[in-house]
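# Commentary on secondary and tertiary structure
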Amino acid sequence: PSRRLAFALVGSEGYGLSGSRRLVHDLGNASHAIAGCHLSQVSFVVEVGPVGLAAPYKGGAREYYLHWTPGAREANQSIYSAFEEAADDSEGRAVLRTPVGTPGIPPSSLMSFSNHSNIRGLVLADFERRVKNPYLSSYMDDGENYDVSSVYIAAELVAGALVKVAFGGDDAGQRIDRELLNSTVAGLSDCLLTSKPGMQCDLVQRVADSYLTRASLYPGIVSYEAADDQSPNDKTDLVRFLWGYLATRAAGLADLSDVGGAPPCDYPSGKLKCPLAGQVCARWRSQESGSKSKNGRCVAANVQYAPAWSHHLTYTVGKDGYGKWGVNGTAGVILDEIWTESYWPPYTPTALVYMTEGFAYELGLFLAGSALTVCWFYAMGRASRHIAKELKQT
């Protein structure tokens, strides 16, 4: 390939784009460069935005919009051509549109890159000006709210375009395995967008360990600073699965079942190391029978975790042994939004506050209840006399 591609899954974006902000910081910091990739090497960003809600267009095709940062399309005509060719290769299933009258890119992770280093890019989405999803970011935003076929067509479009970008247009010998791509999208949709099978699906259980059913997007609370950012112990089941999935896919294995034959390692304790450089320990499963100390499998991959909280946060441990979070910087320097959440120890005194209704409401409720009770007794008396009368006549 003439260009190097790096893939990232960014979380906590609903909290002031905190995940992508930290990713940009770590990429720009030589001591925290991710997998040997520095921010200066990033020339373009392709982000997959909201897809899966597009209604079928003429002939059953799906419309997708490419939202560009200012000047990105003119300066990267080859990337635009790659998406056009990929749409043509979709056999009429995808139609590319350019948004008209929009001020720029929609709220997205790309903003962190463009605002920090003026890196250009695009956001692929199935909307032009407005996201039409009444359940966005709610617990009802699940598989029943999406059209998986639309997600598949978007995945095929992105995969085809990225292959052309990677090989500089000389991709004659490269072919997208549509059957494998379709099964992957369908499998991930069942795992991440439904409760049955949910996280108990075979795809998750082959590379991760989870007792959950529905995947949780809640980022959680960071109550203390981890000694090692790469340790999986403080990560959610969803994050561990995504990391393990990327690691095993990057290893070039023909099938996920081939992970079982890889060299063992004791992930996450780290005593039994992988034998070769460039290998990471993935697919640790506590539910697996046998020795838990060798449950991991070594795969060749450049994949790692990046914290999703601001680098301005500091953690110090006092003389009493308790840790405390702080902020390193001043209001004029810190540009990140830092979110906090109440996290009280069990012994903290608590208070219960009860709300009472107003006098007028309570009086009205009493009178209405009294009237209803009187009506009920009156109706029961009439019914009783009527029944007695009928019995006497009989």
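Okay, so let's go over this structure.

Definitions and cut-offs
- Residues numbered from 1 in each chain as written.
- Predicted model: local features only at pLDDT ≥ 70, side-chain atom pairs only at ≥ 80, totals over all residues.
- Heavy atoms only, no water.
- Buried < 20%, exposed > 50% of the residue type's maximum accessible area, 1.4 Å probe, protein only.
- Helix = DSSP H or I, 4+ residues; strand = E, 2+ residues; numbered from the N terminus.
- Contact = heavy atoms within 4.5 Å.
- Salt bridge = Lys/Arg side-chain N within 4 Å of Asp/Glu carboxyl O.
- Pairing = 2+ DSSP bridges.
- Axes fitted to C-alpha atoms, helices over the stretch in contact; angles between N-to-C directions.
- Phe/Tyr/Trp six-rings, centres within 6.5 Å; stacked < 30°, edge-to-face > 60°.
- Lys NZ or Arg CZ within 6 Å of the ring centre and 35° of its normal.
- Core = buried A, V, L, I, M, F, W, Y, C linked by side-chain atoms within 4.5 Å.
- Disulfide = S-S within 2.5 Å.
- Parallel < 35°, antiparallel > 145°, perpendicular 65-115°, else oblique.
- Left-handed = near helix turned anticlockwise from the far one by under 90°.
- Nonpolar A, V, L, I, M, F, W, Y, C, P; charged D, E, K, R; others polar.

### Section: helix α1 (residues 18-28)
Note on helix geometry: an α-helix contains 3.6 residues per turn, so any two residues three or four positions apart are oriented the same way. Among the eleven residues of α1, eight are classified as buried, and the element is accordingly described as predominantly covered. When we look at burial in α1, the residues that qualify are Ser18, Gly19, Ser20, Arg22, Leu23, Val24, Asp26 and Leu27. On its buried side, α1 packs onto α4 (110-117).

### What to know about the side chain of Thr69
Relative to the helices and strands, Thr69 resides in the loop between β2 (62-68) and α2 (72-75). With residues near it in sequence (within four places) discarded, Thr69 still touches Ile105, Leu110, Ser114, Arg120 and Gly121.

### Focus: the pattern of salt bridges
Taken as a whole and judged by the stated rule, the model has ten salt bridges. In this structure, Arg206 and Asp202 form a salt bridge, with 2.8 Å as the shortest nitrogen-oxygen distance. Of the two residues, Arg206 and Asp202 both sit in helix α7 (residues 202-207), four residues apart, roughly one turn of that helix. Taking the relative accessible area as the measure of exposure, Arg206 reaches 31% and is therefore partly exposed. What emerges from the salt-bridge pattern is a single network uniting Glu91, Arg93, Glu156 and Arg178.

### As for α4
If you check which residues of α4 are buried, you get Leu110, Ser112, Phe113 and Ser114. Next to the buried residues of α4 lie α1, β1 (45-48) and β4 (121-125). Asn118, located one to two residues past α4, shows a positive phi value of around 55°.

### Examining the environment of Val158
Here Val158 lies in helix α5 (residues 148-166). Val158 gets classed as buried once you look at its relative accessible area, which sits at 11%. Taking the C-alpha atoms as reference points, Val158 and Asn76, separated by 82 residues in sequence, lie 16 Å from one another. Apart from the residues lying within four places of it in its own chain, the contact partners of Val158 are Val48, Phe83 and Leu124.

### Remarks on the sheet that holds β1
Read across the open sheet, the four strands follow the order β1-β4-β2-β3; overall the sheet is mixed. Because the sheet does not close on itself, it has two edges, and the strands there are β1 and β3 (94-97). Strand after strand, the sheet turns through a mean of 25° between neighbouring axes, direction not considered.

### A word on the environment of Ala87
With respect to the element layout, Ala87 can be found in helix α3 (residues 77-89). Classification of Ala87 as buried rests on a relative accessible area of 9%. Along the backbone, Ala87 and Glu156 are 69 residues apart, and their C-alpha atoms lie at a distance of 8.9 Å. If sequence neighbours within four positions are ignored, Ala87 has contacts with Ala94, Leu96 and Leu157.

### Re the packing of aromatic side chains
One pass over the full model with this rule turns up six aromatic pairs. Centre to centre, the rings of Trp243 and Tyr305 are 5.5 Å apart; their planes meet at 20°, and the pair counts as stacked. Here Trp243, found in helix α8 (residues 237-250), pairs with Tyr305, found in the loop between β7 (296-300) and β8 (313-317); they are 62 residues apart in sequence, far enough to count as distant. Comparing Trp243 with Tyr305, the two get one shared label, buried. An aromatic cluster is defined as three or more aromatic residues linked by ring pairs; in this entry it consists of Phe44, Trp68 and Tyr80. Across the ring face of Tyr80, the terminal group of Arg73 is positioned such that the distance to the ring centre comes to 3.9 Å. Its guanidinium or amino end placed over the ring of Tyr305, Lys235 lies 4.5 Å from that ring's centre, counting from NZ or CZ.

### Concerning the nonpolar core
Among the nonpolar cores identified, the biggest contains 26 residues, and Tyr64, Leu66, Trp68, Phe83 and Leu157 are the most heavily contacted of them. Per-element accounting of this core gives the leading share, eight residues, to α5. When neighbours within four sequence positions are excluded, Leu66 is seen to be in contact with Tyr80, Phe83, Leu96, Arg97, Pro99, Leu122, Val123 and Leu124.

### So, the state of the cysteines
Inspection of every chain in the model, using the stated rule, returns three disulfides. The disulfide pattern of the protein is 1-2, 3-5, 4-6 when the bonded cysteines are numbered in sequence order.

### Quick notes on the sheet that holds strand β6 (residues 279-282)
Strand order in the open sheet made by the three strands is β5-β7-β6, with antiparallel pairing throughout. Unpaired on one side and paired on the other, β5 (264-265) and β6 mark the two borders of the sheet. As paired strands, β6 and β7 are joined by four bridges and run antiparallel to one another. Note on β7: the bridge partner recorded for Val280 is Val299. Contacting β6 and β7, α8 crosses the sheet at an angle of about 135° to β6.

### Overview of the packing of α1 against α4
Contact geometry for α1 and α4: axes closest at 8 Å, N-to-C directions at 45°. One finds that α1 runs oblique with respect to α4. In this structure, α1 meets α4 at a crossing whose hand is right-handed. Seen from α1, the contacting residues are Ser20, Arg21, Leu23, Val24 and Leu27; seen from α4, they are Ser112, Phe113 and His116. Here the residues of the contact of α1 with α4 sort into four nonpolar, three polar and one charged.

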